[in-house]
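Residue-level structural notes
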Amino acid sequence: GQQVMQIPQYQHVQEGEDFTTYCNSSTTLSNIQWYKQRPGGHPVFLIQLVKSGEVKKQKRLTFQFGEAKKNSSLHITATQTTDVGTYFCAGAYPPGTSYDKVIFGPGTSLSVIP
Amino acid sequence: DGGITQSPKYLFRKEGQNVTLSCEQNLNHDAMYWYRQDPGQGLRLIYYSQIVNDFQKGDIAEGYSVSREKKESFPLTVTSAQKNPTAFYLCASRRQSHSPLHFGNGTRLTVT
């Protein structure tokens, strides 16, 4: 079945350092979404990538979708304490392969040391 | 305000009892989902439904059942057959394929 892997599982950074989490799917994705979950909260949608090689930016966050549409990354520049939380990628699969199924990666938990 | 409501926030049950978790949305979304989250882990898909009266098993459907009699509602029953039911359960919905998921606040189920 489809699997979405994500590394690292945990990342501790000093405030101001950069952070990157990587996401890989076992099969080609239709699109990939990124979510953030604060401690004790629920996942909140950040962004969606659809096109091969797509790059999107949201302030200090940069999201990339691989050329083969099987991997993605989230990079945060100059982390702040407000970035603390768990970042999940979620893959959606093309028609004919459980079309509406959304599979989450295990997440990367980010801690920021002030 | 539109949104997804999960109730209750905390639920305690004795082993061997079935329990039903509520999920209601007023976003007029077609698709609804149930995920399970264990401490320090990601979200695992239990069941999902694309339209009323239709639903599909996710990756960990054993020991769970759902119904989708109304567009707004997608209740999840955790049966006594579920071996490790204690977890955080999240319900989500989305308007259509390729749309973002909107999550409820979750129900934390403890079975002793």
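Sequence order sets the numbering: in each chain, residues are counted from 1 along the sequence as written. Whichever chain is written first becomes A and whichever ligand is written first becomes 1, with later ones labelled in order. In view of the model being predicted, local features appear only for residues whose pLDDT reaches at least 70, and side-chain atom pairs are presented and counted only at 80 or more, with totals across whole chains, interfaces and linings using the full set of residues. Water and hydrogen atoms were dropped before computing side-chain values, which therefore reflect all heavy atoms in the structure.

Considering the overall build of chain A
Spelled out, the test is: Comment: elements are numbered from the N terminus, with helices defined as DSSP H or I runs of at least four residues and strands as E runs of at least two. The globule rule is 2.2 Å times the number of residues to the power 0.38, and the radius of gyration it is compared with is taken over C-alpha atoms. A 1.4 Å probe rolled over the protein chains alone gives each residue an accessible area, and that area as a share of the maximum for its type sets the label: buried under 20%, exposed over 50%, partly exposed in between. Contact between two residues is taken to exist if any of their heavy atoms lie within 4.5 Å; hydrogens are not considered. Areas reported as accessible are Shrake-Rupley estimates using a 1.4 Å probe. Residue values count occlusion only from the protein chains shown. Here Asp and Glu are counted as negative and Lys and Arg as positive; His is not counted, and neither are the chain ends. Taken as the charge location is NZ of Lys, CZ of Arg, CG of Asp or CD of Glu.
Counting its secondary structure elements, chain A contains zero helices and 11 strands. Mapped from its N terminus to its C terminus, chain A presents α and β elements in the order β-β-β-β-β-β-β-β-β-β-β. Computed over C-alpha atoms, the radius of gyration of chain A comes to 14 Å, within 12% of the 13 Å expected from 2.2 N^0.38 for 114 residues, which places it in the range of a compact globule. In terms of its C-alpha atoms, chain A occupies a principal-axis envelope of roughly 45 × 30 × 20 Å. By residue count, 46% of the 114 residues in chain A fall in the buried class. Residue pairs in contact within chain A that sit at least 24 positions apart in sequence constitute 55% of those at least 6 positions apart. With an accessible surface of roughly 5,200 Å², chain A has 53% of that area assigned to carbon and sulfur atoms. Across chain A, the mean location of the 10 positive side-chain charges is 7 Å away from that of the 7 negative side-chain charges.

Describing unusual backbone geometry
A:Pro8 follows A:Ile7 through a cis peptide bond whose omega is -5 degrees. Relative to the helices and strands, A:Pro8 is located in the loop between strand S1 (4-7) and strand S2 (10-14). Each neighbour pair has its own omega, and for B:Ser7 with B:Pro8 the value is -10 degrees, a cis peptide bond. Along the chain, B:Pro8 turns up in the loop between strand S1 (4-7) and strand S2 (10-13). Even without being glycine, A:Lys59 reaches a positive phi, approximately 55 degrees. The exposed category is assigned to A:Lys59, whose relative accessible area is 87%. The phi dihedral of A:Lys69 is positive, around 55 degrees, even though this residue is not glycine. You can see A:Lys69 is positioned in the loop between strand S7 (61-65) and strand S8 (71-76).

Some points on the state of the cysteines
The condition that has to hold: Our working definition of a disulfide is a cysteine sulfur pair at a distance within 2.5 Å.
Tallying each qualifying case throughout the model produces two disulfides over all chains. Covalently, A:Cys23 is tied to A:Cys89 through a disulfide, its sulfur atoms 2.0 Å apart. Here the S-S torsion is close to 80 degrees, and the disulfide linking A:Cys23 with A:Cys89 is therefore right-handed. Linking A:Cys23 in strand S3 (residues 19-25) with A:Cys89 in strand S9 (residues 85-92), this pair joins segments that are 66 residues apart in sequence. Judged by its relative accessible area of 0%, A:Cys89 falls in the buried class. A disulfide bridge connects B:Cys23 with B:Cys91, and the sulfur atoms are separated by 1.9 Å. Disulfide B:Cys23 to B:Cys91: torsion about the S-S bond roughly -75 degrees, handedness left-handed. One end of the pair, B:Cys23, is in strand S3 (residues 19-25); the other, B:Cys91, is in strand S9 (residues 87-94), with 68 residues separating them in the sequence. Neither residue differs from the other here; B:Cys23 and B:Cys91 are each classed as buried.

So, the interface of chain A and chain B
Put simply, the test is: Defined in terms of a 1.4 Å probe, buried area is the accessible area two parts forfeit on being brought together, summed over both. Salt bridges, as used here, are contacts in which a Lys or Arg side-chain nitrogen is within 4 Å of a carboxyl oxygen on Asp or Glu. In this classification, Asp, Glu, Lys and Arg are treated as charged, Ala, Val, Leu, Ile, Met, Phe, Trp, Tyr, Cys and Pro as nonpolar, and every other residue, Gly included, as polar.
Facing 22 residues of chain A, the contacting portion of chain B comprises 23 residues. Between chain A and chain B the total buried area reaches about 1,800 Å² when both faces are included, carbon and sulfur atoms providing 50% of it. Across the contact surface, chain A and chain B share zero salt bridges. For the side of chain A that touches chain B, the elements supplying multiple residues, two or more each, are strand S4 (31-37), strand S5 (44-49) and strand S10 (102-104) of chain A. For the side of chain A that touches chain B, the leading source of residues is S4(A), giving four residues. Classifying every residue of the side of chain A that touches chain B gives 10 nonpolar, 10 polar and two charged.

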